[in-house]
Amino acid sequence: MARVLVTGVRGKTGVPLAELLVARGVEVLGGSSDPATVDLDGVRPTDFSWDRPSGWPAATDGVDAVYVVRPDRPDAPELIGALLGVLPPRARVVLLSEQDADWFGPDGWAPRAERVVRDSGRPWTVLRPSWFMQVFTDPRFHRDEIARGELRFADGGALVAWIDARDIAAVAERALLDEGHAGRVYEITGPEALSLPRTAELLSAGVGHPVLYREVSVDEVVAGTDGFERDLTALTFQRVRAGSFAPVTDTVRAVTGRPARSLATFLADGERLPSRRA
Ligand SMILES: NC(=O)c1ccc[n+]([C@@H]2O[C@H](COP(=O)([O-])OP(=O)(O)OC[C@H]3O[C@@H](n4cnc5c(N)ncnc54)[C@H](OP(=O)(O)O)[C@@H]3O)[C@@H](O)[C@H]2O)c1
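The sections below set out a description of the structure shown in this document.

About the cut-offs
Residues numbered from 1 in each chain as written. Predicted model: local features only at pLDDT ≥ 70, side-chain atom pairs only at ≥ 80, totals over all residues. Heavy atoms only, no water. Helix = DSSP H or I, 4+ residues; strand = E, 2+ residues; numbered from the N terminus. Buried < 20%, exposed > 50% of the residue type's maximum accessible area, 1.4 Å probe, protein only. Axes fitted to C-alpha atoms, helices over the stretch in contact; angles between N-to-C directions. Parallel < 35°, antiparallel > 145°, perpendicular 65-115°, else oblique. Contact = heavy atoms within 4.5 Å. Nonpolar A, V, L, I, M, F, W, Y, C, P; charged D, E, K, R; others polar. Near = heavy atom within 4 Å. Polar contact = N/O pair within 3.5 Å; in protein donor to acceptor, adjacent residues only side chain to side chain. Areas by Shrake-Rupley, 256 points an atom, 1.4 Å probe, with all protein chains shown as cover. Pairing = 2+ DSSP bridges. Core = buried A, V, L, I, M, F, W, Y, C linked by side-chain atoms within 4.5 Å.

**Digging into unusual backbone geometry**
Link 1 in the chain: The phi dihedral of D100 falls on the positive side, at around 60°, and the residue is not glycine.
Link 2 in the chain: Summarising the element assignment, D100 is placed in the loop between β5 (92–96) and α4 (109–118).
Link 3 in the chain: Given a relative accessible area of 26%, D100 falls into the partly exposed group.

Structure (structure tokens):
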């Protein structure tokens with residue numbers, strides 16, 4: 001039986017990935033900085049924190065593969081490199097990065113995080129997804145404003161090819177377990193690029209009340225944040241405005257054999273969608 005460590009197992013891609021791996025008979029170590037909160041059928045809660053490297057050897061003991069959710073902090077390249085250093089020699093690594101990561105330039109933070117994986121000498125696959133549809137159901141992002149009937153975004157008129165995190169997980173599952181994905185960089189998107197006004201129309205239909213779109217400035221988005229988080233968020237929205245997240249790829253179909261879910265399908269599933277005005 002294959003053994004796989006899923007870092008960030010409680011996160012947007014971690015949960016569906018763990019479910020897929022369990023269904024394939026994998027021994028899943030569910031990595032969390034708070035393992036007592038991991039409650040997923042068939043998953044072994046596993047203490048994994050980027051802040052506690054002393055725990056990494058136990059968390060990665062005997063693993064065949066690791067799913068690495070990049071920590072969004074300045075030392076991510078160094079932390080990921082250090083983690084790879086304690087893995088069993090043949091363990092595969094699948095890194096969750098982001099679409100168009102080359103935009104940062106070769107010395108940028110996101111390419112450096114990818115490079116430590118690509119230069120590790122291990123079998124690796126890099127996943128570069130567009131924006132997750134789950135930002136509409138996550139209280140850390142847009143869930144609560146959508147419940148109030150509003151969607152605020154600093155798009156500058158650009159399109160976004162929203163991707164369902166379940167489809168990212170499906171690609172990750174294949175890369176972790178199957179042959180043919182080593183040395184590949186997968187840009188992963190949904191089936192269509194949508195404007196933000198069109199996105200708000202679809203959200204309105206999905207949640208059953210009007211969701212009005214309001215374009216905001218990057219300064220408004222980063223208000224109240226500071227340091228690395230502020231810089232990364234500002235850069236991310238510059239990239240949105242430059243169209244980084246607009247190109248549509250066929251990766252989900254090519255890797256999994258079935259098409260990526262549309263936003264309408266995601267919304268029809270309905271789970272955890274805010275259903276009425278607060
Ligand atoms: N959201 C998007 O639209 C999007 C788009 C493209 C790329 N990405 C990238 O995808 C990655 C995940 O982003 P996300 O917003 O979707 O987050 P997420 O996976 O939903 O949640 C982050 C995960 O990090 C874990 N975590 C928090 N502190 C930790 C620590 N000290 N040590 C180990 N794990 C820790 C959390 O689990 P515990 O609390 O259980 O530890 C949680 O599962 C990021 O690199 C992001 O840049 C996101």
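After presenting the structure, the write-up continues.
**What about the packing of helix α3 (residues 76–86) against α4?**
Link 1 in the chain: Two numbers describe how α3 lies on α4: the axes approach to 8 Å, and their chain directions differ by 10°. On the basis of the axis angle, α3 is roughly parallel to α4. Of the residues in α4, those touching α3 at A76, P77, E78, I80, G81 and L84 are W109, R112, A113, V116 and V117.
Link 2 in the chain: Taken together, the residues that form the contact of α3 with α4 break down as eight nonpolar, one polar and two charged.

**Some words on the site of the ligand**
Link 1 in the chain: The environment of the ligand is made up of 23 residues, and the closest members are R10, S32, S33, R70 and D72.
Link 2 in the chain: One nitrogen or oxygen atom from the side chain of R10 is found 2.7 Å from an oxygen atom belonging to the ligand.
Link 3 in the chain: With respect to the ligand, the side chain of R140 contributes an N or O atom lying 3.4 Å from an oxygen atom.
Link 4 in the chain: When the ligand is considered free in solution it has 880 Å² of accessible area, and contact with the protein chains removes 79% of it.
Link 5 in the chain: Its residues assigned to classes, the shell around the ligand shows nine nonpolar, seven polar and seven charged.

**Points about the sheet that holds strand β4 (residues 65–69)**
Adjacent strands of a sheet form backbone hydrogen bonds with each other and so pair up, either parallel or antiparallel.
Link 1 in the chain: Taken in spatial order, the seven strands make up an open sheet running β3-β2-β1-β4-β5-β6-β8, and their pairing is parallel. Edge positions in the open sheet fall to β3 (43–47) and β8 (184–188), since each of these has one partner strand only. For this sheet the average axis-to-axis angle between neighbouring strands, irrespective of direction, equals 20°.
Link 2 in the chain: Note that strand β1 (residues 3–6) and strand β2 (residues 27–32) share four bridges and pair parallel. Of the residues in β2, the one forming a bridge with R3 is E27.
Link 3 in the chain: Helix-sheet contacts for helix α6 (residues 165–177) involve β1, β4, β5, β6 (124–129) and β8, and the interaxial angle to β5 is about 160°.

**Thoughts on the environment of A223**
Link 1 in the chain: Within the secondary structure, A223 is located in the loop between α8 (218–222) and α9 (227–241).
Link 2 in the chain: For A223, a relative accessible area of 52% puts it in the exposed group.
Link 3 in the chain: Separated by 19 residues in the primary sequence, A223 and S204 place their C-alpha atoms 26 Å from one another.

**Side note on α4**
Link 1 in the chain: Within α4, the full set of buried residues consists of W109, A110, P111, A113, E114 and V117.
Link 2 in the chain: In this structure, the buried side of α4 is in contact with α3, β5, β6 and α9.

**Re the nonpolar core**
Link 1 in the chain: Ranked by internal contacts, the top residues of the largest apolar core, which has 29 residues, are V6, L17, L21, Y67, L127, L176 and I188.
Link 2 in the chain: Those elements that place two or more of their residues in this core are β1, α1 (14–23), β4, β5, α6, β8 and α10 (251–256).
Link 3 in the chain: The biggest single contributor to this core is α6, with six residues.
Link 4 in the chain: With 27 residues, the next largest nonpolar core counts L151, V216, V240 and F245 among its residues.

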